[in-house]
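The lines below spell out each chain.
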Amino acid sequence: MIVKYIVAIILFSIIILFHELGHFLLAKANNIRVNEFCLGFGPTIIGFTKGETKYSLKLLPFGGACMMEGEDSESDDERSFQKKSVWARISVVAAGPIFNFIMALIFSVIIIASLGVMKPVVGDVMEGYSAEEAGLQAGDEIVKIGSKNIHFYKEVSMYSLFHEGETVTVTYLRDGETYLTTLTPTYDEESGRYLYGIYAESSYTKFGPAKTVLYGIYDVKYWIQYTFRSLEMLVTGQVTVNDLSGPVGIVKTIGDTYEESLADGYFYVFLNMLNIGILLSANLGVMNLLPLPALDGGRLVFLFIEAIRGKRISENKEGMVHLIGLMCLFALMIFVMFNDVRKLFI
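**Some remarks on the pattern of salt bridges**
Then step 1. For the structure shown, the criterion picks out 12 salt bridges.
Then step 2. Measuring nitrogen to oxygen at the nearest pair gives 2.9 Å for the salt bridge that ties R299 to E71. One end of the pair, R299, is in helix α8 (residues 296-309); the other, E71, is in the loop between β2 (53-68) and α2 (86-115), with 228 residues separating them in the sequence.
Then step 3. For E155, the salt bridge is made with K148, and the minimal N-O distance between the two is 3.6 Å.
Then step 4. Exposure remark for K148: the relative accessible area of 17% places this residue in the buried category.
Then step 5. Put simply, K28, R33, E52 and R79 are held in one network by salt bridges that share partners.

**What to know about the packing of aromatic side chains**
Two measures describe an aromatic ring pair: the distance that separates the ring centres and the angle between the ring planes.
Then step 1. On inspection of all chains with the given rule, the structure shows 16 aromatic pairs.
Then step 2. Between F24 and Y55 the ring centres are 6.1 Å apart and the planes differ by 65°, which places this aromatic pair in the edge-to-face class. Placement of F24 in helix α1 (residues 2-29) and of Y55 in strand β2 is noted, with a sequence separation of 31 residues between them.
Then step 3. In this structure Y55 comes out as partly exposed when scored by relative accessible area, which is 21%.
Then step 4. Summarising the aromatic geometry, the rings of Y222 and Y226 are spaced 6.1 Å apart at their centres and angled 40° between planes, so their arrangement reads as tilted. Here Y222 pairs with Y226, and both are found in helix α5 (residues 209-235), just four residues apart, close to one helical turn.

**Let's talk about the sheet that holds strand β4 (residues 141-145)**
Then step 1. Read from one edge to the other, the open sheet built from four strands follows the order β5-β4-β6-β7, with strand pairing classed as antiparallel. For this open sheet the edge positions go to β5 (148-149) and β7 (177-183), each flanked by a neighbour on one side alone.
Then step 2. Bridge count for β4 against strand β6 (residues 168-174) is four bridges, and the pairing is antiparallel. Across the sheet, the residue bridging to I145 is V170, located in β6.

**Comments concerning unusual backbone geometry**
Then step 1. The residue N31 is not glycine, and still its phi comes out positive at about 55°.
Then step 2. Judged by relative accessible area, which is 41%, N31 ranks as partly exposed.
Then step 3. With phi around 55°, D175 is a residue other than glycine that occupies positive phi space.
Then step 4. Within the secondary structure layout, D175 lies in the loop between β6 and β7.

**Considering the nonpolar core**
Then step 1. In terms of nonpolar packing, the biggest core is built from 29 residues, with L11, I15, I254, M273, I276, I278 and L280 touching the most fellow members.
Then step 2. For this core, the secondary structure elements donating two or more residues are α1, α2, α4 (153-162), α5, α6 (247-261) and α7 (266-289).
Then step 3. Not counting the four nearest positions on each side in its chain, I254 is found in contact with A8, L11, M273, I276 and L280.
Then step 4. Grouped together as the second largest cluster of nonpolar side chains are 16 residues, I150, V156, V168 and Y172 included.

**Here's the deal with the packing of α4 against α5**
Then step 1. Where α4 meets α5, the closest approach of the two axes is 11 Å, and the angle between their N-to-C directions is 15°. Classified by the interaxial angle, the pair formed by α4 and α5 is roughly parallel. In the packing of α4 onto α5, the handedness of the crossing is left-handed. Of the residues in α5, those touching α4 at K154, E155, M158, L161 and F162 are D219, Y222, W223, Q225, Y226, R229, S230 and M233.
Then step 2. When the residues that make up the contact of α4 with α5 are grouped by side-chain class, the tally is seven nonpolar, two polar and four charged.

**Observations regarding the pairing of β6**
Then step 1. Counting buried positions along β6 gives five out of seven residues, so the element sits mostly inside the fold.
Then step 2. Two elements, β6 and β7, share seven bridges in a ladder whose sense is antiparallel. Bridging from a neighbouring strand, V168 pairs with L183 of β7.
Then step 3. The loop that links β6 with its antiparallel partner β7 comprises two residues; one of these, D175, has a positive phi angle of about 55°.

**Considerations on the side chain of H19**
Then step 1. Within the secondary structure layout, H19 lies in helix α1.
Then step 2. The exposure class assigned to H19 is buried, which follows from its relative accessible area of 5%.
Then step 3. Contact partners of H19, with chain neighbours within four places excluded, come to G96, P97, N100, L284, N288 and D296.

**Brief notes about the confidence of the model for the protein chain**
Then step 1. When pLDDT is averaged across the protein chain, the result is 88; 93% of the residues are at 70 or more.
Then step 2. Across the protein chain, the secondary-structure element scoring lowest on mean pLDDT is helix α9 (residues 315-344), at 73, and the one scoring highest is α2, at 96.

**Quick look at a nonpolar patch on the surface**
Then step 1. A cluster of nonpolar residues, I98, I102, I106, I110, F267, Y268 and F270, forms a patch on the protein surface that exposes about 610 Å² of accessible area.
Then step 2. Counting residues per element, the ones that place at least two in the nonpolar patch are α2 and α7.
Then step 3. Take the nonpolar patch: its biggest share by element is four residues, from α2.
Then step 4. By the secondary structure assignment, I110 is in helix α2.
Then step 5. On the accessibility criterion, I110 (32% relative accessible area) is partly exposed.

Procedures and definitions
Residues numbered from 1 in each chain as written. Predicted model: local features only at pLDDT ≥ 70, side-chain atom pairs only at ≥ 80, totals over all residues. Heavy atoms only, no water. Salt bridge = Lys/Arg side-chain N within 4 Å of Asp/Glu carboxyl O. Helix = DSSP H or I, 4+ residues; strand = E, 2+ residues; numbered from the N terminus. Buried < 20%, exposed > 50% of the residue type's maximum accessible area, 1.4 Å probe, protein only. Phe/Tyr/Trp six-rings, centres within 6.5 Å; stacked < 30°, edge-to-face > 60°. Pairing = 2+ DSSP bridges. Core = buried A, V, L, I, M, F, W, Y, C linked by side-chain atoms within 4.5 Å. Contact = heavy atoms within 4.5 Å. Axes fitted to C-alpha atoms, helices over the stretch in contact; angles between N-to-C directions. Parallel < 35°, antiparallel > 145°, perpendicular 65-115°, else oblique. Left-handed = near helix turned anticlockwise from the far one by under 90°. Nonpolar A, V, L, I, M, F, W, Y, C, P; charged D, E, K, R; others polar. pLDDT = per-residue confidence, 0-100. Patch = residues over 30% accessible without salt bridge, like charges linked within 9 Å, V, L, I, M, F, W, Y side chains within 5 Å. Areas by Shrake-Rupley, 256 points an atom, 1.4 Å probe, with all protein chains shown as cover.

What follows is the structure in structure tokens.
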């Protein structure tokens with residue numbers, strides 16, 4: 001049982017580490033002094049110093065940091081973060097989220113190269129639903145819903161989820177010809193969702209190297225959009241803070257997926273871990289780009305303002321904003337962690 005939690009912590013740690021690696025590599029590229037590069041928080045379990053940088057593993061394995069000279073305080077060191085040009089600092093701050101998207105792409109390409117993709121091809125239609133009434137048939141390939149281009153069948157499901165009950169125009173291919181139809185989803189009591197009445201074709205399609213990478217990009221784009229739409233549902237009250245998961249909930253989800261995948265063999269365990277990694281990495285990239293204090297996105301807001309006005313905002317004022325944001329973030333993390341622990345006993 002403990003193995004699944006070890007696997008979960010390793011995957012979670014790799015994603016965090018890759019995010020911090022983005023900051024680290026761009027800091028080095030811009031000749032910024034990095035004092036410490038660590039995984040986790042709290043007391044140091046093990047560490048070593050190479051050159052000017054200390055590399056360490058902390059007690060709590062959730063999170064990590066790339067600690068640069070002069071990042072959050074004044075420093076006379078010419079290689080400090082604050083001494084560099086605004087565009088150099090922007091590149092360092094933005095590198096973390098960008099590296100998360102790169103990791104998500106790498107994971108996605110591995111999965112698609114191994115399994116292929118489930119294209120948005122109709123396998124069958126449900127009796128009495130809109131797809132049947134519209135004349136959709138097995139073999140039809142959906143290429144657009146509304147104004148959104150469709151590349152995977154899961155995008156059809158996502159569109160239905162985030163546009164519940166809406167009538168949509170669907171573009172599909174049949175025997176090389178393009179057709180348009182209109183679908184009005186019907187509420188299904190059993191699933192508790194609105195459905196168009198389409199069964200997916202269960203086969204997977206593989207591609208050559210170039211198209212595999214292209215579909216990997218489509219896949220990362222899907223998860224980025226999924227994250228944004230989920231945040232929109234949170235803001236509009238369609239979901240609540242109680243539905244959020246923190247590190248404890250994420251580790252449990254990863255661990256449960258690991259256990260459930262064992263029956264299919266370790267190769268499918270590996271692919272399922274990568275699939276969760278895509279979601280988490282894309283999610284972390286998006287969340288860190290939000291223009292909120294204490295996050296990379298909040299820091300980028302101040303840096304772009306500086307670039308536009310040609311003058312730095314007072315470090316004390318910026319520091320106070322980030323401090324307040326950090327306190328709010330910690331409060332949210334504590335609440336979410338408490339909620340995750342509570343769910344373990346429900």
